[in-house]
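Coordinates in review
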Amino acid sequence: MSTRDPHSALHDQIVEVIPNLRAFARSLVSNPAQADDLVQGALMRALSNLDKFEEGTNLRAWMFTILRNLFYSELRKRKREVEDADGGYAATLSTQPNQIASLELKDFRKALAKLPEEQREALILIGASGFSYEDAANICGCAIGTMKSRVNRGRNRLADLLQIDPASDLAGDQAMASMLENKQALLAGC
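Residues numbered from 1 in each chain as written. Predicted model: local features only at pLDDT ≥ 70, side-chain atom pairs only at ≥ 80, totals over all residues. Heavy atoms only, no water.

**Quick notes on the nonpolar core**
Within the largest apolar cluster, 45 residues are counted, with the highest numbers of intra-cluster contacts made by Leu21, Trp62, Met63, Phe64, Leu67, Leu125 and Met147. Of all the elements in the fold, those that place two or more residues in this core are helix 1 (8-28), helix 2 (32-48), helix 3 (59-78), helix 5 (100-114), helix 6 (117-128), helix 7 (133-140) and helix 8 (144-161). Ranked by residue count, the leading element in this core is helix 3, at ten residues. Every residue in contact with Leu67, bar those within four places of it in the chain, is listed here: Leu21, Phe24, Ala25, Leu28, Leu38, Val39 and Ala42. (Core = buried A, V, L, I, M, F, W, Y, C linked by side-chain atoms within 4.5 Å. Buried < 20%, exposed > 50% of the residue type's maximum accessible area, 1.4 Å probe, protein only. Helix = DSSP H or I, 4+ residues; strand = E, 2+ residues; numbered from the N terminus. Contact = heavy atoms within 4.5 Å.)

Structure follows, in structure tokens:
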């Protein structure tokens, strides 16, 4: 007779969050392999610290916080490394896209990469990942008003970069969520 691991329900919930973690990681780093490494590191940390998770709290937010903290820890470590800083070498390895969706995705990635990290995070957490302002603020360790401001400024800047009229095309979080979900699906598939 086998007994079920008391954490197996949490393990199942963690597995369900992996695609969202991967999309968030891709918004933080442009290299798919680095994004996957980031997700794997976050998963390892979460599973090794599962006993520290407080039941009844938001597992998804906990996982996103772990991933975000890991990203910033690795970013601090890499500040001393020099590695194709201008992206010149990486650009020579890429091929020109032959479909409109690929071009749009490329434009979207460039525009998203031009946003300050705080605004990019806010848009991905609120728009693409569907977190509430409160949960996103908790993940980022800031006030709800700060999160709303980051989303608003990020939305407006992204609209400017993509030459979209914010009054009609990005009128609210729902429109931004729809746009980011489409881009998130493309990012996750890369």
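There is more to say, and it comes next.
**Brief notes about unusual backbone geometry**
Trans is the prevailing form of peptide bonds, just as negative phi is the prevailing case for residues other than glycine. If you check the backbone angles, Gln163 has positive phi at about 55 degrees while not being a glycine. Along the chain, Gln163 falls in the loop between helix 8 and helix 9 (173-189).

**Considerations on the confidence of the model for the chain**
On average, residues of the chain score 80 in pLDDT, and 75% of them reach the 70 mark or higher. Every residue in residues 169-173 is under pLDDT 50, and counting partners more than four places away or in other chains gives 15 contacts. Every residue in residues 184-190 is under pLDDT 50, and counting partners more than four places away or in other chains gives 16 contacts. (pLDDT = per-residue confidence, 0-100.)

**Focus on a positive patch on the surface**
A grouping of Lys106, Lys110, Lys114 and Arg157 is seen on the molecular surface, where their side chains present a positively charged patch. No other element matches helix 5, which puts three residues into the positive patch. Relative to the helices and strands, Lys106 resides in helix 5. (Patch = residues over 30% accessible without salt bridge, like charges linked within 9 Å, V, L, I, M, F, W, Y side chains within 5 Å. Areas by Shrake-Rupley, 256 points an atom, 1.4 Å probe, with all protein chains shown as cover. Salt bridge = Lys/Arg side-chain N within 4 Å of Asp/Glu carboxyl O. Lys, Arg positive; Asp, Glu negative; His and termini not counted. Charge placed at Lys NZ, Arg CZ, Asp CG, Glu CD.)

**Quick look at the environment of Asp107**
As for its placement among the helices and strands, Asp107 is situated in helix 5. For the pair formed by Asp107 and Leu161, sequence separation is 54 residues and the distance between their alpha carbons is 9.0 Å.

**A few points about the side chain of Arg22**
Tracing the chain through its elements places Arg22 in helix 1. One polar contact links Arg22 to Asp36, side chain to side chain, over a distance of 2.7 Å. (Polar contact = N/O pair within 3.5 Å; in protein donor to acceptor, adjacent residues only side chain to side chain.)

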